[in-house]
Amino acid sequence: MAACARQGKRAKVILSNVTNVYSNLALEHWILNNWRFSKFDCLFVYRNEPCVVVGRFQNTWKEVNVSRAQRQGVNIARRVSGGGTVYHDLGNVNFSFFTDKPSHCPAKNLQFLSKTLNDRHRLAIDPNKRHDLFIGDKKISGSASRIIRTGSFHHCTLLVNSDLVKLSGLLHGDKTLKGTATASVPSPTTSILSVMSRDLTSQTRDVISTSHIIDLVAENYLSLYRQNSSVNVDLWSEECNQDTESDVILVDKVPDKILDPHHESFEWIFGRSPKFSKEFEVSGNVYTVNVEKGLVRGVNDTENCEVVGQRYDPEVIYQFLTQDHIENIS
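Let me sum up the structure you'll find in this document. Nothing here was measured: the structure is a model prediction, and the numbers come from that model.

1. A closer look at the pattern of salt bridges
Opposite charge on two side chains lets them pair, provided their charged atoms get close.
Piece 1. Evaluation of the coordinates by the stated rule reveals 10 salt bridges.
Piece 2. A salt bridge links D41 to K9; the shortest N-O distance between them is 2.8 Å. A residue pair is termed long-range when its members are at least 10 positions apart, and D41 in strand β2 (residues 40-46) and K9 in the segment before β1 (10-16) qualify at 32 residues.
Piece 3. K115 is paired through a salt bridge with D119; the nearest N and O atoms lie 2.6 Å apart. Of the two residues, K115 and D119 both sit in helix α4 (residues 106-121), four residues apart, roughly one turn of that helix.
Piece 4. Note on K115: relative accessible area 51%, which makes it exposed.
Piece 5. Salt bridges linked by common partners bring K9, D41 and D100 together as one network.

What follows is the structure, encoded as structure tokens:
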């Protein structure tokens, strides 16, 4: 968009010490719906315990190795923005840039982020047209946006010191599923620390941490508005509101009234996957299972079998298809 300026605005930085993905996504959604962005911009910064977050219009089973995530105790979430699937852990930092609708400009945000890191650490980070950040041919950040009438946010990941092996294992879902869901665009990934590790002493490596990156980005963000980070206040304290003089707002807990249990539900995380089909081959026969809203709707166009109406679970369906009564399915 043309309006990529910050003239006449103030800024707030909200730093979350909460590391639960559902809580942070709920807070992000609350900020968008409850704050005014005509006079203020806002940078919301948070990290999460290991989790996988799919885009609003994606098929969770196609994007995520669900069984592996469940075995490893890794939460799966769906966000309200579009885009592809991402992995979060405490070695990843999430930045969410809030502004009014006319000023929404992901390219500006990524230029700011890459310049901040490049100027300080000579990383050679480059944004691309898809609003990802790369170092060489490897991706360190993915982006997505949400725009409503009263405001917008553009959020992005930043792989500082993430577990790339775990990331790779979890972001391999069942690509044989057929449907119209938005598909992630796979790219080789790396982390900032991985790129820099060859040239770092152990002392320098300690400096390149998520806390260092958060402080660096927050300080530079406020400097764009000729502000500093000297005054801190808790988001839920009585003296805190959007008009407070505090430049940095801290979050140690997300109140229950802000949390939305629906966003932790099967219906949202899995049931919002666009309808799809999956072919199972059993004893030389191929069975097509149709799924809508996360529930099995039919097998080979037959709705009269015991798995119809159940939640889609490929292991359960395969066991059902190997039973003796599959000859009743046309």
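2. What to know about the sheet that holds strand β3 (residues 51-54)
Piece 1. The strand order across the open sheet built from three strands is β4-β3-β5, with neighbouring strands paired in mixed fashion. One side of each edge strand has no neighbouring strand; the edge strands of this open sheet are β4 (75-78) and β5 (86-88). Ignoring strand direction, the axes of neighbouring strands in this sheet form an average angle of 25°.
Piece 2. Sheet topology note: the β3/β5 ladder contains three bridges and is antiparallel. The partner of V52 across the bridge, within β5, is Y87.
Piece 3. Helix-sheet contacts for helix α1 (residues 21-34) involve β3 and β4, and the interaxial angle to β4 is about 20°.

3. A few points about the sheet that holds strand β12 (residues 178-179)
Piece 1. The antiparallel open sheet is built from four strands, whose spatial order is β12-β15-β16-β17. For this open sheet the edge positions go to β12 and β17 (295-299), each flanked by a neighbour on one side alone.
Piece 2. Bridge count between β12 and strand β15 (residues 276-282): two bridges; the pairing is antiparallel. Looking across to β15, one finds that G179 is bridged to F276.
Piece 3. Strands in contact with helix α10 (residues 314-321) are β15, β16 (285-292) and β17; relative to β15, the strand with the most contacts, it is inclined by about 45°.

4. Looking at the packing of aromatic side chains
Piece 1. Within the structure shown, the criterion is met by 13 aromatic pairs.
Piece 2. Measuring from centroid to centroid gives 5.7 Å for W61 and F276, while their planes differ by 45°, and the two rings are tilted. Pair noted here: W61 is in helix α2 (residues 60-63) and F276 is in strand β15, with a separation of 215 residues, a long-range link. The exposure classification of W61 matches that of F276, with both residues buried.

5. Description of the layout of surface pockets
Piece 1. Its volume calculated, the largest pocket comes out at about 800 Å³.
Piece 2. In terms of lining, the largest pocket is formed by 40 residues, of which the most central are G84, T85, V86, K139 and S184.
Piece 3. Of all the secondary-structure elements, those providing two or more residues to the lining of the largest pocket are β5, β6 (92-99), β9 (138-141), β10 (143-148), β11 (151-159) and α5 (164-170).
Piece 4. Looking at which element gives the most residues to the lining of the largest pocket, the answer is β11, with four residues.
Piece 5. A class-by-class count of the residues in the lining of the largest pocket yields 15 nonpolar, 19 polar and six charged.
Piece 6. Of the pockets and cavities examined, the second largest pocket occupies roughly 410 Å³.
Piece 7. For the second largest pocket, the lining is made up of 17 residues, of which W61, V66, S67, D313 and P314 are closest to its centre.
Piece 8. Secondary-structure elements contributing two or more residues to the lining of the second largest pocket are α3 (66-72) and α10.
Piece 9. With three residues, the single largest contributor to the lining of the second largest pocket is α3.
Piece 10. Partitioning the lining of the second largest pocket into residue classes produces eight nonpolar, five polar and four charged.

Calculation rules
- Residues numbered from 1 in each chain as written.
- Predicted model: local features only at pLDDT ≥ 70, side-chain atom pairs only at ≥ 80, totals over all residues.
- Heavy atoms only, no water.
- Salt bridge = Lys/Arg side-chain N within 4 Å of Asp/Glu carboxyl O.
- Helix = DSSP H or I, 4+ residues; strand = E, 2+ residues; numbered from the N terminus.
- Buried < 20%, exposed > 50% of the residue type's maximum accessible area, 1.4 Å probe, protein only.
- Pairing = 2+ DSSP bridges.
- Axes fitted to C-alpha atoms, helices over the stretch in contact; angles between N-to-C directions.
- Contact = heavy atoms within 4.5 Å.
- Phe/Tyr/Trp six-rings, centres within 6.5 Å; stacked < 30°, edge-to-face > 60°.
- 1 Å grid on protein atoms, 1.4 Å probe; cavity = no way out; pocket = protein on both sides within 12 Å on 5 of 7 lines; lining within 4 Å.
- Points joined across faces, edges and corners; volume = space filled by probe spheres on them.
- Nonpolar A, V, L, I, M, F, W, Y, C, P; charged D, E, K, R; others polar.

Worth remembering: the numbers are spatial, not functional.
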